[in-house]
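Here is what each chain is made of, one letter per residue.
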Amino acid sequence: MSFLAKNYNRKKISFKYGKGSYLYSKDNKKYLDFVQGIAVNSLGHANPLLVKTIKDQSKKLWHVSNAFQIPEGEKLAKKLCERTFADYVMFQNSGAEATEAAIKVARKYFYSIGKPKKNRILCIKNSFHGRTLAAIFASGSKKMTEGFGPKIPGFDHIDFKDSKPRFPNIRKRINKNTAAIMVETILGEGGIKPIPDKCLKYLRKICNEKKILLILDEVQCGIGRSGNFFAFEGSKVKPDIVPIAKGIGGGFPIGAVLMNKKVAIGMTPGSHGSTFGGNPLAMSVGSKVMDVISKKNFLNNVKKLSKYFHFRLSKIKEAYPHIIKQVRGKGLLIGIQLFEDQTKFIKKLMDNKLLTIRAAENVVRILPPLNVKKSEIDLALKIINKVCSEYK
Ligand SMILES: *Cc1c(COP(=O)(O)O)cnc(C)c1O
């Protein structure tokens, strides 16, 4: 008998503890965890540095109100701004809060410059920005919005196609009331589909032309996951607003909105807030995650290992062209797209002690910690190969 609401279809397994890339189940089995809380535990389970940080900070100070100065938050914000396009950071607790705050920043900017009617946000149909009311209507996915009406107004949608042009009719979808285009740099839940650099450049060009803002949702693909600190970095595109969450806390809930100076003018005292957002405990952990990811060679190593992982997966695809349709993604955000529903495949991987998670379009999503070892990737490859060889 469970007293939890039934909004998840949970697997019948629970874990006693985790260490690095591994999880240990209640029935004493060892699993290679390539879910890592869906790209959350960027440095693996129970990372000693993070354990020490949280222990030390928990003896000093957990929470104070944002009515006071919070030096730990100042420190993390500085690190994020020095590393990225951003001039300012606003802390939240989750991805959905961060994407909604990003929308608020965009709208308030236009309000502040005397254009209050410029408030519509153009998003990709069936994308993912979180599960709060505005975020589900931003995604425009029937599955997520059904039963949760009335519809939250203010969102328009474009398709993102596998074929060219990737964004058909996008100019027609922008009108005088459009404030921003908001897209995931790599569609995560939508099936691990990177928006090609060229298309990101095209979006930036349109935004400049129409004098609207570009919001890139890096909640899943950011913080080193793609091999770059942000997935858009390879394109040289500079967004105006970027919501982040998942990986930045290394397992501790943190969300944030990064923004440039121009758009930050709307964020005046009292305009936005969060009781928990930016608390000292969260901030000290986030700061430590930043230190580790910013170390020389950390991201080079992610790039090197992911290149190897993608190459070896492409060989498995070649060997089983009737099972695997495509291997896609960037860095350690990897999707294996199957020809048929992926449920059975994920189950077989799990039977062989490899944990993965689904995404749309029959995709098996693979999310190792960013500090994964080559030997652990080899073990995963061995299991994936075995499951393919026995697959019927
Ligand atoms: C997970 C995710 C969110 C929502 O994050 P939550 O912390 O679950 O609210 C938003 N955008 C993207 C791209 C995500 O992957």
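Rules and cut-offs
Residues numbered from 1 in each chain as written. Predicted model: local features only at pLDDT ≥ 70, side-chain atom pairs only at ≥ 80, totals over all residues. Heavy atoms only, no water. Helix = DSSP H or I, 4+ residues; strand = E, 2+ residues; numbered from the N terminus. Expected span 1.5 Å × (residues − 1). Contact = heavy atoms within 4.5 Å. Near = heavy atom within 4 Å. Polar contact = N/O pair within 3.5 Å; in protein donor to acceptor, adjacent residues only side chain to side chain. Areas by Shrake-Rupley, 256 points an atom, 1.4 Å probe, with all protein chains shown as cover. Nonpolar A, V, L, I, M, F, W, Y, C, P; charged D, E, K, R; others polar. Buried < 20%, exposed > 50% of the residue type's maximum accessible area, 1.4 Å probe, protein only. Axes fitted to C-alpha atoms, helices over the stretch in contact; angles between N-to-C directions. Parallel < 35°, antiparallel > 145°, perpendicular 65-115°, else oblique. Left-handed = near helix turned anticlockwise from the far one by under 90°. Phe/Tyr/Trp six-rings, centres within 6.5 Å; stacked < 30°, edge-to-face > 60°. Lys NZ or Arg CZ within 6 Å of the ring centre and 35° of its normal. Pairing = 2+ DSSP bridges.

We now examine helix α8 (residues 197–210). The terminal C-alpha atoms of α8, which comprises 14 residues, lie 20 Å apart, in line with the 20 Å expected from a rise of 1.5 Å per residue. Those residues of α8 hidden inside the fold are in contact with α7 (170–173), β7 (178–184) and β10 (213–217).

On to the site of the ligand, then. Around the ligand sit S94, G95, A96, F128, H129, G130, E184, D217, V219, Q220 and K246, and that is every residue in its neighbourhood. A distance of 2.8 Å separates an oxygen atom of the ligand from a polar backbone atom of G95. Note that a nitrogen atom of the ligand is positioned 2.8 Å from one of the side-chain N or O atoms of D217. Bound to the protein, the ligand loses 82% of the 380 Å² it would expose on its own. Residue composition of the shell around the ligand, by class: 3 nonpolar, 5 polar and 3 charged.

Another point: unusual backbone geometry. In this structure, the amide linkage connecting G149 to the following residue, P150, adopts the cis form with an omega of 5°. Examined against the element boundaries, P150 turns out to sit in the loop between α6 (142–145) and β6 (155–158). Cis rather than trans, the peptide bond between K164 and P165 has omega equal to -5°. A positive phi angle, near 55°, is found at I192, a position not held by glycine. Mapped onto the elements, I192 comes out in the loop between β8 (186–187) and β9 (193–194). For N297, which is not a glycine, the phi torsion comes out positive at approximately 80°. With respect to the element layout, N297 can be found in the loop between α9 (280–294) and α10 (298–319). We classify N297 as partly exposed; its relative accessible area is 47%.

Right, let's talk about the packing of helix α11 (residues 343–351) against helix α12 (residues 374–390) for a bit. Running from amino to carboxyl end, α11 crosses α12 at an angle of 125°, the nearest separation of the two axes being 10 Å. Taken together, the axes of α11 and α12 are oblique relative to one another. Considering how the two elements wind past one another, α11 and α12 form a crossing that is right-handed. Across the interface between the two elements, F345, K348 and L349 of α11 pack against I383, I384, V387 and C388 of α12. Broken down by class, the residue content of the contact of α11 with α12 amounts to 6 nonpolar, no polar and 1 charged.

What follows covers the packing of aromatic side chains. What describes a pair of aromatic rings is the distance from one ring centre to the other and the angle between the planes of the rings. Tallied over the entire structure, the rule returns 9 aromatic pairs. Look at F230 and F232: their rings are 5.1 Å apart centre to centre, the planes differ by 25°, and that puts the pair in the stacked class. Taken individually, F230 and F232 each receive the classification buried, so the pair is uniform in this respect. Ring-pair connections join several aromatic residues into one group, and the members of that group are F85, F229, F230 and F232. Just above the ring of Y22 sits the side chain of K30; from NZ or CZ to the centre is 4.3 Å.

With that settled, the discussion passes to the sheet that holds strand β2 (residues 22–25). Taken in spatial order, the 4 strands of this open sheet run β1-β2-β3-β15, and their pairing is mixed. The open sheet has two edge strands with one neighbour each: β1 (15–19) and β15 (354–355). Direction of pairing for β1 relative to β2: antiparallel, over a ladder of 4 bridges. Bridge pairing in β2 places K19 opposite Y22.

A sheet is described by the order of its strands in space; here 4 strands give the open sequence β13-β14-β17-β16, paired in antiparallel fashion. The sheet terminates laterally at β13 (324–330) and β16 (357–359), the two strands that pair on one side only. Sheet twist, expressed as the average angle between the axes of neighbouring strands with direction ignored, equals 30°. When β13 meets strand β14 (residues 333–338), the two strands line up antiparallel, connected through 6 bridges. Across the sheet, residue I324 finds its bridge partner in β14, namely L338.

Where helix α3 (residues 71–83) contacts α9, the axes come no closer than 8 Å and their chain directions differ by 30°. What the angle tells us is that α3 and α9 run roughly parallel. Judged by the twist between their axes, the crossing of α3 over α9 is left-handed. Contacts between α3 and α9 involve E72, G73, K75, L76, K79, L80 and R83 from the former and P280, M283, S284, G286, S287, M290, D291 and S294 from the latter. Its residues placed into classes, the contact of α3 with α9 shows 5 nonpolar, 5 polar and 5 charged.

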